[in-house]
Amino acid sequence: MADFQDERNSPTELEKSGLNVQKVLNADFDDPNIDRDDAIVGILEDDSPYPEVRSAVANTDDPSIPCNSFRAWVLGISWAILIAGLNQFFFFRYPAVNISNIAAQLLCFPVGRAWAKVVPNVRIFGVKMNPGPFSIKEHVLVTIMATVGGPGAYATDIIAVQRVYYGQTYSFVYQWMVVMSTQLIGFSIGGILRRFLVQPPSMIWPANLVTCALFNTLHSQTYAGMGTRGGISRERFFFYAWMCGLLWYLLPGYLFQALSFFSWVCWIAPDNIVVNQMFGYVSGMGMSLVTFDWAQIAYIGSPLATPWWAEANVAAGFIVFFWLAVPTLYYTNTWYSQYMPISSRTSYDNTGAAYNITRITNSDASLNLTAYQEYSPLFLSTTFAMAYGLSFASITATLTHAFLFFRKQVWVQSKRSMHEQPDIHARLMSKYRQVPEWWYMIVFLSMFVIGVISIELWHTEFPVWAFVLALTISFFYVIPIGMIQAITNQQVGLNVITELIVGYALPGRPIAMMMFKTWGYITMYQALTFASDFKLGHYMKIPPRTMFWGQVVATAIAGTVQLGVQAWMFTNIPDMCSASQKDGFICPSTEVFGTASFIWGVVGPQRQFSSGQVYNGLVYFFLIGALCPLAAWLISLKWPNSFIRYVNFPVVFSGMGAIPPASALNYVPWAIVGFIFQYIIRRRYFSWWTKYNYVLSAAMDSGLAISIILIFFCLQYPKSGTIGSNTVQTWWGNTVFTATADGQYTPLLTLRKGSTFGPTTW
């Protein structure tokens, strides 16, 4: 640090020289996260120019702290096996429980501390069994290895759908190849593009700041960015908030669920359909505004982690498209919408019933066109249709926005090495041996070959050219979507556009549709997940080569364990994935994935979005998405310091990407809490915000995660969920929100028996 001390200037000298903060940072684009005064403070302290980063990440490093230890590897591999196996086992059950990343982060900590106290300090074959106290770097490595496969490999759903819906039970070798290829191709792309998504200081990855704050709190780290505010320590604050969050969730999560679905207006007028549609939380627009359940508030991500300007973009998009456009479309009966609930995740037929896909498919799962024409076109609720339109807009808006606003940043970063980054964290990390790019290329090429073998040697109807196209789409979008996510904490999804493309390119091939979607969308998703992990390692100063091997080994082990658990379940659990399975293993996610394969791979997008079809108008969202960032860019040229610099149309359009299954319940309270903490408290009580904001977010998230696990294993899993079935589960506080028009998904118009709605021909 002494080398950088000599180059410091006083604020007065900086102001006199007219130095522009953007030039100091070399961000090469107008970054809405930058505040001039805050940035100068960070630069003078040889710290990050972002106060969010300074408050959660130390600007120092001690390379002697143990990281790549025998203990870290044993614990990392053990937790990777345990968490991947448990999450895969309960993935097929309803209700399910998921050991989240932050829960894993907490669970690893006491085990590491116990190892330090119990295991003798001896060497075996020259390797230290106990290198001393459980270090923060070991904890980070163990957590990354434990969580790299925690959410479950997306491709395991392909295997399950093939088995359940298409009668295809291929060998374990095929399954392993598909899973490894989809997981590790994303890893290799994330590694190759880390100079764009990880090394620049402007790529802050807000969600990682909560994780960093928790690591530093657990290990009692102190650093300048925490500020000098008095009061209780971060550690004590975390414990109090964590305990409150853990105990409180027992109310909205089990004992008094109306606190979660707090649609109080609907309780006053339970049979008024319009009131329920506007104020309801289950199938309504969520104008009741309030929930007391952190699980609902943080469903789309912690509001304490996302910058307020990004939250404001999401909130504005929600108000315009869901509180204004959706009711307008619904109450004018556009798309025959009044015969369906205003908001639902289900597809419908022309009688208002759930669409019965089995009525239009042959025994080989191909489309029976005659049966389709005799049955019904497929209809969507207004919010579901709007979600498709916004997804279309986000795809073109992302490309336009990236070209107009990020092109200089991408060009500069393509030529800049790690030690040239104008950031203390990059300079500290440049001291470690970097991972050569050819390591990632070897992973990419080997996984590409494995992918080709899996689709060619087994009957998938998925041609190699489509495989290459899927990877091309994914690779093309990684940088623009990754930059947007790193700045805003919002990710643009490729799931709908990949389904649309493959539906037109390979009609009538549901297996190929699932594979195209997985390699086209999940490759990008995995690349950004690994890029986020790279940034976490960057912040916590984990040696890059240790990170590389930890991620590769843990991914391979976790994917293999998940496939093994899944194979065992289908072999040993009777009636697996049946609606009547006695232990609740009804496979809800597999059902949704299978239904999507029918809708997009069998029915096809041409029967929904082509000219003359019901939802053809939604394709104009592609044009809207392309033009909106252009308008914002032109305005910013004329008025560069106006509010337009905070308008990000990819975020406006993609912010509602979680709908469905998310609803207004997950957006409105999220925006309100974000406004309170990220705008009001941050502006008025900055020292409190600096010290406690990210710690509070970590405490609430982790308290909730542990509480969900305890409730599930203590109250829901035993006796097949019948505990309290005649008492707690049926009292007013757990049923009032279901006994309303909102809870019953009541449409505005009801058909007479035997009647239908919609077009007469399709």
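Observations concerning the overall build of the chain
Here's step 1: If you tally the helices and strands in the chain, you get 32 helices and 4 strands.
Here's step 2: Oriented by its inertia axes, the alpha-carbon framework of the chain measures out at about 85 × 65 × 60 Å.
Here's step 3: Within the chain, the fraction of its 762 residues that count as buried is 58%.
Here's step 4: Sequence separation of at least 24 residues holds for 79% of the intrachain contacts in the chain that already meet a minimum separation of 6.
Here's step 5: Summing over all exposed atoms, the chain offers an accessible surface of approximately 30,300 Å²; the carbon and sulfur share of this is 63%.

Focus: the packing of aromatic side chains
Here's step 1: Within this structure, the stated rule accounts for 67 aromatic pairs.
Here's step 2: Taken together, a centroid distance of 5.1 Å and an interplanar angle of 90° make the contact between Phe548 and Trp549 edge-to-face.
Here's step 3: Between Trp689 and Tyr694, the ring centres sit 5.7 Å apart and the planes meet at 65°, which makes this aromatic pair edge-to-face.
Here's step 4: For Trp689, a relative accessible area of 0% corresponds to the buried category.
Here's step 5: Judged by relative accessible area, Tyr694 falls into the buried class, the value being 2%.

Side note on the pattern of salt bridges
Here's step 1: Overall, the coordinates contain 5 salt bridges when judged by the stated rule.
Here's step 2: In this structure, Lys137 engages Asp61 in a salt bridge whose closest nitrogen and oxygen atoms are separated by 2.8 Å. Note that Lys137 is positioned in helix α8 (residues 136-147) and Asp61 in the loop between α5 (51-56) and α6 (70-91), a separation of 76 residues in sequence.
Here's step 3: With a relative accessible area of 3%, Lys137 lands in the buried category.
Here's step 4: The partner of Glu138 in a salt bridge is Arg71, and the shortest N-O contact between them spans 2.6 Å. In this pair, Glu138 is assigned in helix α8 and Arg71 in helix α6, connecting sequence segments 67 residues apart.
Here's step 5: The exposure class of Arg71 is buried, given its relative accessible area of 0%.

Details of the environment of Asp271
Here's step 1: With respect to the helices and strands, Asp271 occurs in the loop between α15 (264-268) and α16 (273-279).
Here's step 2: Judged by relative accessible area, which is 70%, Asp271 ranks as exposed.
Here's step 3: Sequence separation between Asp271 and Leu106 is 165 residues, and the spatial gap between their C-alpha atoms is 45 Å.

Some thoughts on helix α23 (residues 464-488)
Here's step 1: Along its 25 residues, α23 runs 35 Å from first to last C-alpha, staying within 8% of the 36 Å computed at 1.5 Å per residue.
Here's step 2: Largest kink in α23: about 40°, centred on Val478, with the proline Pro480 one to four residues after it.
Here's step 3: Burial within α23 is extensive, with 18 of its 25 residues counted as buried.

Concerning the nonpolar core
Here's step 1: Core analysis: the largest hydrophobic core is formed by 209 residues, its most contacted members being Phe462 and Trp519.
Here's step 2: Sort the elements by how many residues they give to this core and helix α25 (residues 510-540) lands first, with 18 residues.
Here's step 3: Discounting chain neighbours no more than four positions away, the residues touching Trp519 are Val178, Ser181, Thr182, Ile185, Gly451, Ser454, Ile455, Phe462, Phe467, Ala470, Leu471 and Ser474.
Here's step 4: Residues Ala160, Val561, Ile573 and Phe585 belong to the second largest nonpolar core, which totals 11 residues.

Considerations on the side chain of Ser702
Here's step 1: As for its position among the elements, Ser702 is in helix α31 (residues 686-716).
Here's step 2: The exposure class of Ser702 is buried, given its relative accessible area of 0%.
Here's step 3: Side-chain polar atoms of Ser702 contact the backbone oxygen of Ala698, separated by 2.6 Å.
Here's step 4: Setting aside residues up to four positions removed in sequence, Ser702 forms contacts with Ile102, Leu106, Phe238 and Trp242.

Remarks on empty space enclosed by the protein
Here's step 1: By the definition in use, this model includes 8 cavities of 30 Å³ or more.
Here's step 2: The volume enclosed by the largest cavity comes to roughly 160 Å³.
Here's step 3: At the level of elements, α25 and α26 (544-572) are the ones that each hand at least two residues to the lining of the largest cavity.
Here's step 4: Per element, the largest residue contribution to the lining of the largest cavity is 3 residues, and it comes from α25.
Here's step 5: Partitioned by chemical class, the residues of the lining of the largest cavity number 9 nonpolar, 4 polar and 1 charged.
Here's step 6: Each pocket or cavity is described by its volume, and for the second largest cavity that value is around 70 Å³.
Here's step 7: Contributing to the lining of the second largest cavity are Val282, Ser343, Ser344, Arg345, Thr383, Ile659, Pro660, Pro661, Ala662, Ser663 and Tyr745.
Here's step 8: Taken together, the residues of the lining of the second largest cavity break down into 6 nonpolar, 4 polar and 1 charged.

What counts and what doesn't
Residues numbered from 1 in each chain as written. Predicted model: local features only at pLDDT ≥ 70, side-chain atom pairs only at ≥ 80, totals over all residues. Heavy atoms only, no water. Helix = DSSP H or I, 4+ residues; strand = E, 2+ residues; numbered from the N terminus. Buried < 20%, exposed > 50% of the residue type's maximum accessible area, 1.4 Å probe, protein only. Contact = heavy atoms within 4.5 Å. Areas by Shrake-Rupley, 256 points an atom, 1.4 Å probe, with all protein chains shown as cover. Phe/Tyr/Trp six-rings, centres within 6.5 Å; stacked < 30°, edge-to-face > 60°. Salt bridge = Lys/Arg side-chain N within 4 Å of Asp/Glu carboxyl O. Expected span 1.5 Å × (residues − 1). Bend = angle between axes of the 7 residues up to and from the residue. Core = buried A, V, L, I, M, F, W, Y, C linked by side-chain atoms within 4.5 Å. Polar contact = N/O pair within 3.5 Å; in protein donor to acceptor, adjacent residues only side chain to side chain. 1 Å grid on protein atoms, 1.4 Å probe; cavity = no way out; pocket = protein on both sides within 12 Å on 5 of 7 lines; lining within 4 Å. Points joined across faces, edges and corners; volume = space filled by probe spheres on them. Nonpolar A, V, L, I, M, F, W, Y, C, P; charged D, E, K, R; others polar.

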